[in-house]
Amino acid sequence: MHLLDPEGMLVRRRKRLRRRHYYNKRPNYMWHIDGYEKLKPYGVCISGCIDGFSHKILWLRAAYSNNNPRIICSDFLDTVTNIKGYPQSIRTDMGTENGLVKHVQEYFHEAMHNVQNGNVLPPFLYGTSQANQRIEAWWGLLRRQHSQYWMNCFEHLKDDGMFNGTLIDKSLLQYCFMDLIQVELNEFAQEWNNHVIRKTRNSISPSGRPDMMYDFPALYGGTNFLNPVEENYIENCANLCEVVNRSCRDETVFELCDVISREKNLGASDSTYLAINKYCELRTEIIKMLEELHLH
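To keep things clear, this report deals only with the structure shown in the data block. Because the structure is a prediction, the values reported are computed rather than measured.

**A word on the environment of asparagine 68**
- In this structure, asparagine 68 sits in the loop between strand 3 (57-63) and helix 2 (69-83).
- It is 9.7 Å that separates the C-alpha atoms of asparagine 68 and cysteine 241, two residues lying 173 residues apart in sequence.
- If we skip the residues at most four places from it in the chain, asparagine 68 touches Glu97 and Glu242.
- Within the structure, the side chain of asparagine 68 is placed 3.1 Å from the side chain of glutamate 242, a separation counted as a polar contact.

Structure below.
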């Protein structure tokens, strides 16, 4: 190792490793897409996208899957439609869930005749998690500020014998908690996009509010790299998407929960307390039904 990397060996011996500096030209020069896995053991999968320059969260979605390429493509097209354009480049991990986003992004570039040159990144970049550092670092913040609370909540259910990881338990948890989690994710993303990122030592990234840095790049000495796209090109890709129109993966469990909720007059899960009570009552009823079917 000393012969292969003498400089690296010297740095490690001194315990003064050099941190990599992240640099991004301007808004929409690069988007970072990734999935968050910490709540996946409980059936809650989160996908997100962050603008590399401004740190603005472009989408943050909780669903029953973040490995389905059609769902990730739907999030991407929804964002492109809302902001009326697509980025110069996208970076993701090397997962099959990002294949359709790659296809659509490259299609937009080709259809809109974007010119590539030596100073511009290609439309899509695969890489390791370490290379996707902008959103990987943000997931740590999400855990401290948001997801750790839900992990503790679901672990309490597990400790009390009310969750054992079966399809039914995951589906019930999705039915009772998914909408509540999404509301909190929306609020957290909005708070993040409006908070002030302060200047740090040795940082070459800009400081300010993500929304301001994203919407007004001229204040930071640059222009917006957003590429406009015509609506008909977006419509051409709509058949690649899967719209998530229910909180629960299993349609049968979802419909059964709806029936029991109406019969038991179980209201919306507007708080953690109500969601837990609803989950426990639905679980008790469904297990009772399954036991009766087994006896017959």
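**Quick notes on empty space enclosed by the protein**
- Applying the stated criterion across every chain yields a total of one cavity of 30 Å³ or more.
- Approximately 40 Å³ is the volume attributed to the largest cavity.
- Among the elements that make up the lining of the largest cavity, the one with the highest residue count is strand 1 (residues 30-36) (three residues).
- Here the residues of the lining of the largest cavity are counted per class, giving two nonpolar, four polar and two charged.

**Structural notes on the nonpolar core**
- Ranked by size, the top nonpolar core spans 46 residues in total, and within it Trp138, Phe154, Phe177 and Tyr279 carry the most contacts.
- Here this core takes twelve residues from helix 5 (residues 167-194), the largest share from any one element.
- Setting aside anything within four residues of it in sequence, one finds phenylalanine 177 in contact with Trp150, Cys153, Phe154, Thr272, Ala275, Ile276 and Tyr279.
- Counting 24 residues, the second-largest nonpolar core is a separate cluster that includes Phe124, Tyr214, Tyr233 and Cys237.

**Focus: the packing of helix 2 against helix 3 (residues 99-111)**
- Direction vectors running N to C along helix 2 and helix 3 enclose 35 degrees, while the axes themselves pass 8 Å from each other. In contact with Pro69, Arg70, Ile72, Cys73, Phe76, Leu77 and Val80 of helix 2, helix 3 contributes Leu100, Val101, Val104, Gln105 and Phe108.
- Here the contact of helix 2 with helix 3 is built from residues that sort into ten nonpolar, one polar and one charged.

**Remarks on the layout of surface pockets**
- A volume near 280 Å³ is recorded for the second largest pocket.
- Along the wall of the second largest pocket there are 18 residues; nearest its centre are Ile57, Leu58, Trp59, Leu60 and Thr79.
- Within the lining of the second largest pocket, the residues separate by chemical class into seven nonpolar, six polar and five charged.

**Section: the pattern of salt bridges**
- This structure, assessed with the given rule, holds eight salt bridges.
- We note a salt bridge from aspartate 211 to lysine 56, for which the minimum N-O separation is 2.4 Å. Taken as a pair, aspartate 211 in helix 6 (residues 210-215) and lysine 56 in the loop between strand 2 (45-51) and strand 3 lie far apart in primary sequence, 155 residues in all.
- The salt bridge involving aspartate 78 is made with arginine 61; its shortest N-O contact spans 3.7 Å. Taken as a pair, aspartate 78 in helix 2 and arginine 61 in strand 3 lie far apart in primary sequence, 17 residues in all.
- Overall, aspartate 78 belongs to the partly exposed group, its relative accessible area being 36%.

Calculation notes
Residues numbered from 1 in each chain as written. Predicted model: local features only at pLDDT ≥ 70, side-chain atom pairs only at ≥ 80, totals over all residues. Heavy atoms only, no water. Helix = DSSP H or I, 4+ residues; strand = E, 2+ residues; numbered from the N terminus. Contact = heavy atoms within 4.5 Å. Polar contact = N/O pair within 3.5 Å; in protein donor to acceptor, adjacent residues only side chain to side chain. 1 Å grid on protein atoms, 1.4 Å probe; cavity = no way out; pocket = protein on both sides within 12 Å on 5 of 7 lines; lining within 4 Å. Points joined across faces, edges and corners; volume = space filled by probe spheres on them. Nonpolar A, V, L, I, M, F, W, Y, C, P; charged D, E, K, R; others polar. Core = buried A, V, L, I, M, F, W, Y, C linked by side-chain atoms within 4.5 Å. Buried < 20%, exposed > 50% of the residue type's maximum accessible area, 1.4 Å probe, protein only. Axes fitted to C-alpha atoms, helices over the stretch in contact; angles between N-to-C directions. Salt bridge = Lys/Arg side-chain N within 4 Å of Asp/Glu carboxyl O.

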